[in-house]
There are 2 protein chains.
Amino acid sequence: MPKVTIAQNILAVNDTVAQEIRQVLAIRGIRTINVMSSPGAGKTTLLERTIERLRGELGIGVIEGDVETTADAERIEAAGAETVQINTRGACHLEAHMIRDALAQLELARVNLLFIENIGNLVCPAAWNLGEDRRVVLTSTTEGDDKPAKYPHMFAASEVMVVNKLDLLPYLDYDLAKAKRQALAINPRLRIFEVSCRTGAGLDEWCAWLTAFVHGDK
Amino acid sequence: MPKVTIAQNILAVNDTVAQEIRQVLAIRGIRTINVMSSPGAGKTTLLERTIERLRGELGIGVIEGDVETTADAERIEAAGAETVQINTRGACHLEAHMIRDALAQLELARVNLLFIENIGNLVCPAAWNLGEDRRVVLTSTTEGDDKPAKYPHMFAASEVMVVNKLDLLPYLDYDLAKAKRQALAINPRLRIFEVSCRTGAGLDEWCAWLTAFVHGDK
């Protein structure tokens, strides 16, 4: 099965680069979070709200992944973080070599928390190690409560799940308990946060976790 | 660039199989639609509502693609269509050989409209020809109005765009005119339908288009 061998080689090369990135970031004391979700779940908005709350306390950097456009990097920069945009021009996930190139363009001296916003895709990014310390899967109430069961690899690969758009619950048939039950059945160690980036609900808890994580408590 | 060559070969093999599928379906007079979207945009719900409305008039078959679970095939079968489930076990898109295998399991004698529900993914499925007659990209208001610009390949590869979840517009900052303008800038020939699968708004127009399409008028 030559196709499988090729894929494994590509992933092995990726893992080697990811390991180099992990070492470089560890030496600098930078903690890194890879944020993954479907398109439109609210990754950029979550980062905007997070940066606004934590920028006085932490040095935050963001590597913005998008297939096309620099719109998200502009939003993140306006929120007050060091930002580099990666455009994959069609590719469906970020790979470690893209992160290595982006890091060369970031002013890292003041950064102690680095977010990587992955391509909006609930499948492919799960397979690609980027040298991150934690993986966060963001899911939104409008996507339906069946997403953990239908896209289990992403939820198995993550340490944290953030449920966004809680403010829309009254208008949806979304069963939050069911979504959490499904996610925990796949990955019992998953830390779950429930937020609304629009109203701000739940963001204090998420930001407290991030601060503790940067200070080495999580 | 050996990596690019490999990818091109895989796509060329896929195109050959897709061409065979297209011929087989054309001989049988079956018209085929490949439905693509982000996870949770409402592909299965759109098909349920469509089948309920058209099952007296048309013979409808569905090939259901999911990474895992048979939940969607069960919903579609309950709505009254011939259904086969494909589970990709991690793969992020359907390929033509999967459709060929699924067709062998479908009772095609009574089918004149075949839907293929692709994996929830706004990137990868755009590159894979499945032998379909039309490609429909479904986008929902809750994903944000910037999706055409951020995922242009999918909108360029489709002939039809369906905007779903119109009923949630009052609770969102979604600019429908902007989303349509972006989509038409990428693909001026795009036929656009605006629907709410929850309230039924816009489904008459969509179903009228499908019926005319099956009868060869579109």
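For the structure, check the block above.
Residues numbered from 1 in each chain as written. Chains lettered and ligands numbered in written order. Predicted model: local features only at pLDDT ≥ 70, side-chain atom pairs only at ≥ 80, totals over all residues. Heavy atoms only, no water.

A. Seen up close, the overall build of chain A. Counting its regular elements, chain A contains eight helices and seven strands. Scaling as 2.2 N^0.38, a compact globule of 218 residues should have a C-alpha radius of gyration of about 17 Å, and chain A matches this with 17 Å. Its C-alpha atoms put chain A at 50 × 45 × 35 Å along the principal axes. The long-range share in chain A, meaning contacts at least 24 apart out of those at least 6 apart in sequence, stands at 72%. Looking at chain A as shown, the accessible area adds up to about 8,700 Å², and 51% of this sits on carbon and sulfur atoms. The distance from the centre of the 24 positive side-chain charges to the centre of the 29 negative ones in chain A is 4 Å. (Helix = DSSP H or I, 4+ residues; strand = E, 2+ residues; numbered from the N terminus. Rg over C-alpha atoms; globule rule 2.2 N^0.38 Å. Contact = heavy atoms within 4.5 Å. Areas by Shrake-Rupley, 256 points an atom, 1.4 Å probe, with all protein chains shown as cover. Lys, Arg positive; Asp, Glu negative; His and termini not counted. Charge placed at Lys NZ, Arg CZ, Asp CG, Glu CD.)

B. Region of the structure containing helix H2 (residues 43-54) of chain A. Relative to the 16 Å expected for 12 residues at 1.5 Å per residue, H2 of chain A spans 16 Å between its end C-alpha atoms, a close match to the ideal helical length. Of the surrounding elements, those touching the buried residues of H2 of chain A are strand E1 (31-37), strand E2 (60-66), helix H3 (71-79), strand E4 (113-117), strand E5 (134-140) and helix H8 (203-214) of chain A. (Expected span 1.5 Å × (residues − 1).)

C. Just empty space enclosed by the protein, in detail. Taken as a whole, this structure holds one cavity of 30 Å³ or more when the rule is applied. Approximately 50 Å³ is the volume attributed to the largest cavity. Looking at the largest cavity, it is lined by 14 residues, and the ones nearest its centre are Pro39, Thr142 and Glu143 of chain A together with Thr142 and Glu143 of chain B. Its residues assigned to classes, the lining of the largest cavity comprises four nonpolar, six polar and four charged. (1 Å grid on protein atoms, 1.4 Å probe; cavity = no way out; pocket = protein on both sides within 12 Å on 5 of 7 lines; lining within 4 Å. Points joined across faces, edges and corners; volume = space filled by probe spheres on them. Nonpolar A, V, L, I, M, F, W, Y, C, P; charged D, E, K, R; others polar.)

D. Structural detail: the sheet that holds strand E6 (residues 160-164) of chain B. Residue and element names in this part refer to chain B. Pairing is parallel across the open sheet formed by seven strands, whose spatial order is E3-E2-E4-E1-E5-E6-E7. The sheet is open, and its two edges are formed by strand E3 (82-87) and strand E7 (191-194), each paired on a single side. Across this sheet, the average inter-strand angle for adjacent strands is 20 degrees, counted without regard to direction. In the sheet, strand E1 (residues 31-37) pairs with strand E4 (residues 113-117) via five bridges, with the strands oriented parallel. Residue pairing in the sheet places Ile33 in a bridge with Phe115 of E4. Packed on one face of the sheet, helix H2 (residues 43-54) meets E1, strand E2 (60-66), E4 and strand E5 (134-140) and runs near 170 degrees to E2. (Pairing = 2+ DSSP bridges. Axes fitted to C-alpha atoms, helices over the stretch in contact; angles between N-to-C directions.)

E. Expanded view of the layout of surface pockets. Approximately 800 Å³ is the volume attributed to the second largest pocket. Lining the second largest pocket are 39 residues, with Glu143 and Gly144 of chain A together with Gly42, Thr45 and Arg75 of chain B positioned closest to its centre. Those elements that place two or more of their residues in the lining of the second largest pocket are helix H5 (147-150) and helix H7 (176-186) of chain A together with H2, E2 and helix H3 (71-79) of chain B. Per element, the largest residue contribution to the lining of the second largest pocket is four residues, and it comes from H2 of chain B. Each residue belonging to the lining of the second largest pocket can be placed in one class, and the counts come to 10 nonpolar, 13 polar and 16 charged.

F. The arrangement of the nonpolar core in detail. In this structure, Ile63, Ile99 and Leu103 of chain A together with Ile63, Ile99 and Leu103 of chain B are the most contacted members of the largest nonpolar core, which totals 85 residues. With residues near it in sequence (within four places) discarded, Ile99 of chain A still touches Ile21, Ile63, Ile86, Leu94, Ile116 and Leu130 of chain A. (Core = buried A, V, L, I, M, F, W, Y, C linked by side-chain atoms within 4.5 Å. Buried < 20%, exposed > 50% of the residue type's maximum accessible area, 1.4 Å probe, protein only.)

G. Broad picture of the interface of chain B and chain A. With 35 residues of chain B at the contact, the number on the chain A side is 35 residues. Here chain B and chain A share an interface that buries about 2,800 Å² over both sides, 58% of which is from carbon and sulfur atoms. Taken as a group, Pro39, Lys150 and Tyr171 of chain B account for 22% of the area that chain B buries against chain A, more than any other trio of residues on that side. Along the contact surface separating chain B from chain A lie six salt bridges. For the pair chain B and chain A, the number of links is 13 residue pairs in polar contact (both at pLDDT 80 or more). Split into classes, the residues belonging to the side of chain B that touches chain A amount to 16 nonpolar, eight polar and 11 charged. (Buried area = accessible area lost by both parts, 1.4 Å probe. Salt bridge = Lys/Arg side-chain N within 4 Å of Asp/Glu carboxyl O. Polar contact = N/O pair within 3.5 Å; in protein donor to acceptor, adjacent residues only side chain to side chain.)

H. Quick look at the sheet that holds strand E7 (residues 191-194) of chain A. Residue and element names in this part refer to chain A. Within the open sheet, the seven strands sit side by side as E3-E2-E4-E1-E5-E6-E7. Their pairing is parallel. Each edge of the sheet is formed by a strand with only one pairing partner; in this case those strands are strand E3 (82-87) and E7. If you compare each strand with its neighbour and ignore which way they point, the axes differ by 20 degrees on average. Where E1 and E5 come together, five bridges link them in parallel fashion. In the strand pairing of E5, Ser37 is matched with Leu138. Against the sheet, H2 contacts E1, E2, E4 and E5, and its axis sits at roughly 170 degrees relative to E2. Its contacts with the sheet put helix H4 (residues 96-103) on E2, E3 and E4, and the angle it makes with E3 is roughly 140 degrees.

I. Broad picture of the relation of the copies chain B and chain A. With an RMSD of 0.0 Å, chain B superimposes on chain A once it is rotated by 180 degrees and translated 0.0 Å along the axis. The transformation just described matches what one would write down for a two-fold rotation axis. Here 100% of the contact residues of chain B are again contact residues in chain A; the copies associate through an equivalent surface. (Least-squares fit on C-alpha atoms with pLDDT ≥ 70 in both.)

J. How the structure looks around the pattern of salt bridges. Overall, the coordinates contain 32 salt bridges over all chains when judged by the stated rule. Note that Arg75 of chain A and Asp72 of chain A form a salt bridge whose closest N and O atoms lie 3.9 Å from each other. Pair noted here: Arg75 of chain A and Asp72 of chain A are both in helix H3, with a separation of three residues, about one helical turn. Residue Arg75 of chain A is classed as partly exposed on the basis of its relative accessible area of 29%. Taken together, the salt bridges that share partners define one network made up of Glu48, Arg49, Glu52, Asp66, Asp72 and Arg75 of chain A together with Lys150 of chain B.

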